[in-house]
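What follows is the residue order along each chain.
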Amino acid sequence: MRPPGSVSIKDYAIETPLKKLAEGDVFDQVKIDFDTRSDIAAINFVLKDEETGAWYQHRGRDFKVPLVDYLQHDGNVIGTKSTFGLWPGALGQLSKMILKADTSQSGIQDSSSESCELKQENKHLEGFYEELPIVKEIIIENTVSVSVRKCPETAKTLLNLETDLTGDVVVHWGVCRDDSKNWEIPAEPYPPETIVFKNKALRTLLQPKEGGKGCSRLFTVDEEFAGFLFVLKLNENTWLKCMENDFYIPLTSSSCLPAESVQEMLIPGKAEEATQEVSQTAYTAGIIKEIRNLVSDFSSDISRKTKSKEAQKSILLEIEKLAAEAYSIFRTSAPTFFEEAAVELEESKPPAKISPGTGTGFEILCQGFNWESHKSGRWYTELKEKATELSSLGFSVIWLPPPTESVSPEGYMPRDLYNLSSRYGNIDELKDVVNKFHDVGMKILGDVVLNHRCAHYQNQNGVWNIFGGRLNWDDRAVVADDPHFQGRGNKSSGDNFHAAPNIDHSQDFVRKDIKEWLCWLRNEIGYDGWRLDFVRGFWGGYVKDYLEATEPYFAVGEYWDSLSYTYGEMDHNQDAHRQRIIDWINAASGTAGAFDVTTKGILHSALDRCEYWRLSDEKGKPPGVVGWWPSRAVTFIENHDTGSTQGHWRFPGGREMQGYAYILTHPGTPSVFYDHIFSHYRQEIEALLSVRKRNKIHCRSRVEIVKAERDVYAAIIDEKVAMKLGPGHYEPPSGSQNWCFVTEGRDYKVWEAA
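Residues numbered from 1 in each chain as written. Predicted model: local features only at pLDDT ≥ 70, side-chain atom pairs only at ≥ 80, totals over all residues. Heavy atoms only, no water.

Broken down by element type, the chain carries 14 helices and 38 strands. In the chain, which comprises 754 residues, the share counted as buried stands at 49%. As displayed, the chain has an accessible area near 35300 Å², and 49% of this comes from carbon and sulfur atoms. (Helix = DSSP H or I, 4+ residues; strand = E, 2+ residues; numbered from the N terminus. Buried < 20%, exposed > 50% of the residue type's maximum accessible area, 1.4 Å probe, protein only. Areas by Shrake-Rupley, 256 points an atom, 1.4 Å probe, with all protein chains shown as cover.)

Put into structure tokens, the structure is as follows:
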């Protein structure tokens, strides 16, 4: 039954090329003949683009097409003797970028429904055929850059837009006065050949450059405007946007620049048939110059000791932002957190008080509970007794369990947010444990569940969506697209959590109440920051709003979804997975970090299958979030969900210390699970914590991966620490640098520079 040209892939799949069966055919296809007496019930497949090597699946899983059974001679199976029917409805909509279904599925589903009825009535079904047309997007590379400067003579803002796109490229443009980015038509003068388009925007044809290599145009904008908006029109069917949004160039920072300075923006773009990348050289030079100026300013400030501590923090924050912006240029994947560039320039004027939510960079986080901690009823008291011990081990931050009254004893189904009597203890015991950890020099994270809330009362239809307590919301606070709870709010801005009413954060009264509650927790209890539960459920922009209102010392979000797999095996390239986490961090404007779920998943496969090559991406960098945005990556190997008594995604048994050897020697902010601290791993964890503290490894430390092979991974961190994982051999090089062995365990070893 294998078509010609088929090749076996190991013992679980067959690779068959799609071909045109006859000259003049439009479609590539393959014909598979099945034995009518076989027991085959379905065909599974994935598609591979030979041009790019990319694999395409259906919603992250293999395509599965059920086959209608054949009627056997005994008459027990209903079907047809002569042909078979294919349920094309199983194909659904192709969700990958390269393949997109253009047809509605309703007709397909109706066909399958009718076929079932025919089978029931006639005990016989004729085969039928459904065609799903698809469109293949063509990916090309071009540049779009915008330079911004202030004209010293007129005090107007001058923008020079350049692109290497050729032909008649039209820019639709306008201005805005604030972050709402509402388009306005500015006053004249306009570039020649500019016309007003539907009283909403201006339309200008870009001028070809000399030699025909691209085109450009100069625009003049009054200084009263905060931003420059534009989209590019390539032809009648193709519009070029920035990650599905209008291009946005903030102009507020231009007033802070010297008259001759040029500030270039890094702008990504994506059209229906094109993906734009950006010119990097001039922009990189500008960033480096700004960092040097800021460092010089900071150094002279320290020597004079004239500026306030807040001003020093402001300069350090700007350096970090520019460094992150520069780092994004050297990233490996095309669509990343490029929005950061716009955000950074918006914030270049330092706010009155700086609380970035990302700490000092030297934090080591301890998760101070597990899934069973609530059962004693006095967890706060028990944990209080361990405060001095945890501090002495080197932990600087402790994450406490959810504090509110909850339908579930673990605290993740909150009801009355202001009622802090939980299964872990009462409000006074909570204050005591917080004060104790403060006394030993540790910061405290509160575990806050903002995505959903359990109701107190039923509505007239018997649905639980009416809330009580101090925040006595009605069903307007519940999203409208969760079918279980009949909310009257707007549609959800994220994924729904179906066990409780999902809160509609787009409502002004909801955001106001949540901000007041979080500020109350900060002031009344003394929390220093937040662990944010299930942030996939609502837009990261709301998180930014909450964090700006509460100014946490440190904040981290739980963005957990599945990694990429093919034929049940984890893909080497997990860029799409870590990109989703980066996108959330970027939506929150970098005000919070996120748990590096990508790194945890890759460690699972690398350690469990002895595939240590997985710990280096295609550019020789760490393959998780820590490889792209290390200052926002909170690395971990286990928590109350993945391990403990739940075990939803337990780390490979016996390899936990390899995991800790990785995260405690690498950049990012490491988080250590309570169960592992108070176990037979304690002594080894303590040794690794000492290495990190002694060598001042921090969230932005530099990693040089020196080996990533089947049975061994080795890296040098900040030229101070060398480490290796796996049974394979590695010794740090003996040259100008001398290395001293400090600690080892099962399949890991660590050295320090002498």
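It is worth spelling out helix H14 (residues 682–694) at this point. For H14, spanning 13 residues, the distance from its first C-alpha to its last is 18 Å, which sits close to the expected 18 Å at 1.5 Å a residue. All of the buried residues along H14 are Ile685, Leu688, Leu689, Val691 and Arg692. What you see down the axis of H14 is that its buried residues fit within an arc of 155 degrees, all on one side. (Expected span 1.5 Å × (residues − 1). Arc of directions from axis to C-beta.)

Averaged over every residue, the pLDDT of the chain is 80; the share at 70 or more is 73%. Under a pLDDT of 50 for its full length, residues 69–126 has, in the predicted model, 113 contacts with residues more than four places off or in other chains. (pLDDT = per-residue confidence, 0-100. Contact = heavy atoms within 4.5 Å.)

A separate point is the side chain of Ser492. On the secondary structure map, Ser492 appears in the loop between strand S26 (464–466) and helix H8 (508–525). The class for Ser492 is buried, based on a relative accessible area of 17%. Discounting chain neighbours no more than four positions away, the residues touching Ser492 are Val479, Asp481 and Gly537.

Quick look at the pattern of salt bridges now. Inspection of every chain in the model, using the stated rule, returns 33 salt bridges. Across the pair Glu548 and Lys544 runs a salt bridge whose closest N-O atoms are separated by 4.0 Å. Here Glu548 and its partner Lys544 are both found in helix H9 (residues 540–550), 4 residues apart, which amounts to about one turn of the helix. Put simply, Arg609 and Glu611 hold a salt bridge, and the shortest N to O gap is 3.3 Å. The class for Arg609 is partly exposed, based on a relative accessible area of 41%. (Salt bridge = Lys/Arg side-chain N within 4 Å of Asp/Glu carboxyl O.)

In this section: the environment of Tyr542. By the element assignment, Tyr542 lies in helix H9. Between the C-alpha atoms of Tyr542 and Ala587, which are 45 residues apart in sequence, the distance is 8.7 Å. In this structure, Tyr542 is in contact with Ser493, His505, Ser506 and Arg511, ignoring residues within four places of it in sequence.

As a further point, take the side chain of Gln574. The residue Gln574 is located in the loop between strand S30 (569–570) and helix H10 (575–587) in this model. Each residue touching Gln574, except ones within four places of it in the same chain, is listed here: Leu563, Ser564, Thr598 and Ile602.

Interaxial distance between H8 and H9 falls to 9 Å at its minimum, and their mutual angle equals 40 degrees. Taken together, H8 and H9 sit at an angle that is classed as oblique. Once H8 is placed against H9, the crossing between them reads as right-handed. Side by side, H8 and H9 meet where Arg511, Ile514, Lys515, Leu518, Cys519 and Arg522 of the first sit next to Tyr542, Asp545, Tyr546, Ala549 and Thr550 of the second. Among the residues making up the contact of H8 with H9, the classes are represented as 6 nonpolar, 1 polar and 4 charged. (Axes fitted to C-alpha atoms, helices over the stretch in contact; angles between N-to-C directions. Parallel < 35°, antiparallel > 145°, perpendicular 65-115°, else oblique. Left-handed = near helix turned anticlockwise from the far one by under 90°. Nonpolar A, V, L, I, M, F, W, Y, C, P; charged D, E, K, R; others polar.)

The subject of this paragraph is the nonpolar core. Among the nonpolar cores identified, the biggest contains 112 residues, and Leu390, Phe395, Tyr660 and Tyr713 are the most heavily contacted of them. When near neighbours in sequence (up to four residues on either side) are disregarded, Phe395 contacts Ile364, Leu365, Cys366, Leu390, Met442, Val672, Ile677 and Leu689. (Core = buried A, V, L, I, M, F, W, Y, C linked by side-chain atoms within 4.5 Å.)

Quick look at the packing of aromatic side chains now. Scanning the entire structure with this criterion turns up 22 aromatic pairs. Relative to Trp520, the ring of Tyr418 has its centre 4.9 Å away and its plane inclined at 55 degrees; by these criteria the two rings are tilted. Here the residue Tyr418 occupies a position in the loop between strand S23 (397–399) and helix H7 (427–439), and Trp520 occupies one in helix H8, the gap between them amounting to 102 residues. With relative accessibility at 13%, the residue Tyr418 sits in the buried group. Following the ring pairs from residue to residue traces out a cluster consisting of Trp173, Tyr190, Phe219, Phe228, Phe230 and Phe247. Sitting above the plane of the Tyr248 ring, Lys181 keeps its charged end 4.4 Å from the centroid. Here the basic side chain of Lys443 rests over the ring of Tyr553, its NZ or CZ set 4.9 Å away from the ring centre. (Phe/Tyr/Trp six-rings, centres within 6.5 Å; stacked < 30°, edge-to-face > 60°. Lys NZ or Arg CZ within 6 Å of the ring centre and 35° of its normal.)

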